[in-house]
Amino acid sequence: MPGSSSRPGLQVAAAVVAAVVLLPIAVTVGRGAAVGWSEAVAYLVRPRIGMLLANTAVLTAITVPLSVALGTGAAWLVERTDLPGAGAWRALMLAPLAVPAFVSSYAWVSWQPGLVGLGGAALVTTLAYFPFVFLPVAALLRALDEGEEEAARSLGLGPFAAFRRAVLPRLRPAVSGGALLVALHLLAEYGVLAMMRYQTFTTAILQQYAVGFSDAQGSLLASVLLLLCLGVLTLEVVARGRRRVARIGSGSMRPPSRVPLGSWRWPALAGLAALAALSTAVPVILVLRWLVVGTSQSGAVADDLMRVTASTLGLAALGGLTAVVLALPGALLLSRGGGWIATLLERATFVGSALPGVVVALALVGLAVSWAPGLYQTVALVVVAYAVLFLPRAMVSLRSGLAAAPPELSEAARSLGQGGAGVLRRVVLPLAAPSVLAGFVLVALAISTELTATLLLAPTGTDTLALSFWAASDELDYAAAAPYAAVMIVLSIPLTVVLRRQITHDRRATR
């Protein structure tokens, strides 16, 4: 870690990154404010806006609690009970992250065309997003010391009551963080909701720009969505609480003992198997089915598939590297002292990622056309949009990895004459390398399935897997869309591998 003398430099770098992330938000709010108060009120106080608000709220009220229940319950079964094959179940609970949500919706709709509206949207989003809760809860369950739980049992509480009284309150940061990710994904989701024909603010914004082509009215809708995002962030801060998770004292932490399930073992296995089948097996099997149908019809898609795959990988690599580099100053500040700039950056990255890709893209188009015409229709502008949208994925990974680098090692390196850059290069980054890699992979895989921002910003002639998939599925040509869906799933498999290895690494680190 760089020394205190480098703190101002890190603060300046973090402030610049925060400004880049907040710029599209400022442009969007400015466009909305330019409409005028009376016109804005007349546009927003309409039955359609109330319907969009109600739809968004109802979907959030259904999906977030279901995701929390499924993710927390699955994490407890995998990490704290004697369930057979815990390692395999851990991988299966992460596997839905390898299937893009809009690919899952394509699979379900192609199988059950009547599965649209609120029911279909809630089903697909819950099955796609519950791993966002499972992952942090499972990690925290492995890291928590068993002392408080044992004390509760010594007072006469059974295993379930001891878990509820001693462990569950300490899971609040993980549960609230996972719920936050689910809620923000819902606010920004377009592909699933468009395919399920369920109207929310995000789908309405894209329709406003595509059909009405009104920047002002679209920006007003985006401003309402931004307010919803700020409300979700505020609720998460309250829900997270201030209860301490780590302990201070002598002794080593022991891995928690496993709770015997007894007669509940088979129902637990059946429940996890059903969850894995619905969230992963059904989409994958249906994609393979349409892939076979498409292969039997024509093999002409192979050349195009190779071209768009190469384009997707190139954009993903550039965007992932950019996000990691931009997240580094803020992550360093957060891991070694925090401060208001670091806190601002963290909150700003979440706000930026909550906006739909179309909103960020249109704000950047306006800025490029007005102030930097040479950037319009370039890869650089696409990469900036990716950084704004996916910076939190890199930030969260880097922050956890940097926090695990003992400050004493940095102090020892400085005492041997290393400057701030040398300490960072030779001590901190090698220790945080697994987290850096995880952050890069998380961002790169998110980019490989990004749709709306790429659609608006990609240079002419540049196609990606997501764009080609959407063009085919939008015409209900499921067989033509299947090859692109299959490749997106294949490219997403490293996500579960990296996360699985990261979990194993974190588990060894806590012992």
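Look up: the structure comes first, before these words.
Anyway, here's the lowdown on the structure attached to this text. What you see is a predicted model; the values in this text were computed from it and never measured. Each chain has its residues counted from 1, running along the sequence as written. In keeping with the model being predicted, local features are shown solely for residues with a pLDDT of at least 70 and side-chain atom pairs are shown and tallied solely at 80 or more, while totals for entire chains, interfaces and linings include all residues. Computation of side-chain values: all heavy atoms of the structure, hydrogens and water removed.

**Quick look at the packing of aromatic side chains**
Stacked, edge-to-face and tilted are the three classes for Phe, Tyr and Trp ring pairs, Trp counted by its six-membered ring, which pair at centre distances within 6.5 Å; planes under 30 degrees apart are stacked, over 60 edge-to-face, the rest tilted. Applying the stated criterion to the full structure yields eight aromatic pairs. With 5.9 Å between their ring centres and 35 degrees between their planes, Tyr129 and Phe132 make a pair best called tilted. Summarising the aromatic geometry, the rings of Trp290 and Tyr478 are spaced 5.4 Å apart at their centres and angled 50 degrees between planes, so their arrangement reads as tilted. Of this pair, Trp290 sits in helix H14 (residues 265-297) while Tyr478 sits in helix H23 (residues 478-509), placing them 188 residues apart in sequence. Using a 1.4 Å probe on the protein chains alone, a residue whose accessible area is under 20% of its type maximum counts as buried, one over 50% counts as exposed, and one in between counts as partly exposed. Its relative accessible area of 15% is what places Trp290 among the buried residues. Members of the aromatic cluster, connected to one another through ring pairs, are Phe102, Tyr106, Trp290, Phe469 and Tyr478. Throughout this description, the term charge over a ring refers to an Arg CZ or Lys NZ atom that lies within 6 Å of the ring centre and within 35 degrees of the ring normal. In this arrangement the basic side chain of Arg46 is found over the ring face of Tyr43, its NZ or CZ atom lying 4.3 Å from the centre. Taking NZ or CZ as reference, Arg289 lies 5.1 Å from the ring centre of Trp290, over its face. The helix and strand labels rest on DSSP assignments: H or I over at least four residues marks a helix, E over at least two residues marks a strand, and numbering proceeds from the N terminus.

**Some thoughts on a nonpolar patch on the surface**
A cluster of nonpolar side chains, contributed by Val12, Val16, Val20 and Val384, occupies part of the molecular surface with about 290 Å² of accessible area. Considering each element in turn, the nonpolar patch owes the most residues, three residues, to helix H1 (residues 7-33). A residue counts toward a patch only above 30% relative accessible area and without a salt bridge, and it is joined to like-charged neighbours within 9 Å or, for Val, Leu, Ile, Met, Phe, Trp and Tyr, to nonpolar neighbours within 5 Å. We get accessible surface area from the Shrake-Rupley algorithm with a probe of 1.4 Å; when it comes to residues, only the shown protein chains can shield them. Whenever Lys or Arg places a side-chain nitrogen within 4 Å of a carboxyl oxygen from Asp or Glu, that contact is recorded as a salt bridge.

**Brief notes about unusual backbone geometry**
Even without being glycine, Arg197 reaches a positive phi, approximately 55 degrees. Of note, Arg197 is situated in the loop between helix H11 (191-195) and helix H12 (201-212). Phi is positive for Gln377, close to 60 degrees, though the residue is something other than glycine. Positionally, Gln377 belongs in the loop between helix H17 (357-371) and helix H18 (379-403). By relative accessible area, which is 27% here, Gln377 ends up partly exposed.

**Some remarks on the environment of Trp108**
Among the secondary structure elements, Trp108 is positioned in helix H5 (residues 101-111). Using a relative accessible area of 7% as the deciding quantity, one classes Trp108 as buried. Once the C-alpha coordinates of Trp108 and Met195 are considered, the two residues, 87 residues apart in sequence, prove to be 10.0 Å apart. Contact definition: two residues touch when any of their heavy atoms are within 4.5 Å. Once you skip the residues sitting within four places of it in the chain, Trp108 turns out to touch Leu115, Leu123, Val124, Leu127, Met196, Leu278, Val282, Pro283 and Leu286.

**Let's talk about the nonpolar core**
Within this scheme, the nonpolar core is defined by two criteria: the residues are buried Ala, Val, Leu, Ile, Met, Phe, Trp, Tyr or Cys, and they are joined through side-chain atoms within 4.5 Å. In terms of nonpolar packing, the biggest core is built from 157 residues, with Val103, Tyr106 and Phe469 touching the most fellow members. Looking at this core element by element, the count peaks at 13 residues for H23. Leaving out residues up to four positions away in the same chain, Phe469 has contacts with Phe102, Val103, Tyr106, Ala481, Tyr484, Ala485 and Met488.

**Things to note about the packing of H5 against helix H6 (residues 117-129)**
The N-to-C vectors of H5 and H6 enclose an angle of 135 degrees; their axes lie 10 Å apart at closest approach. Viewed along their axes, H5 and H6 adopt a mutual orientation that is oblique. Crossing hand, H5 versus H6: right-handed. Where H5 abuts H6, its residues Ala101, Ser104, Ser105 and Trp108 lie against Leu123, Val124, Leu127, Ala128 and Tyr129. Asp, Glu, Lys and Arg are counted as charged, while Ala, Val, Leu, Ile, Met, Phe, Trp, Tyr, Cys and Pro are counted as nonpolar; the rest, among them Gly, fall into the polar class. Its residues placed into classes, the contact of H5 with H6 shows seven nonpolar, two polar and no charged. Every angle, taken between N-to-C directions, lies between 0 and 180 degrees, and every axis is a line fitted to C-alpha atoms, over only the stretch in contact when it is a helix. Working definition: roughly parallel below 35 degrees, roughly antiparallel above 145 degrees, roughly perpendicular at 65 to 115 degrees, and oblique for all remaining angles. Left-handed describes a crossing whose near helix is turned anticlockwise from the far helix by less than a right angle; the clockwise case is right-handed.

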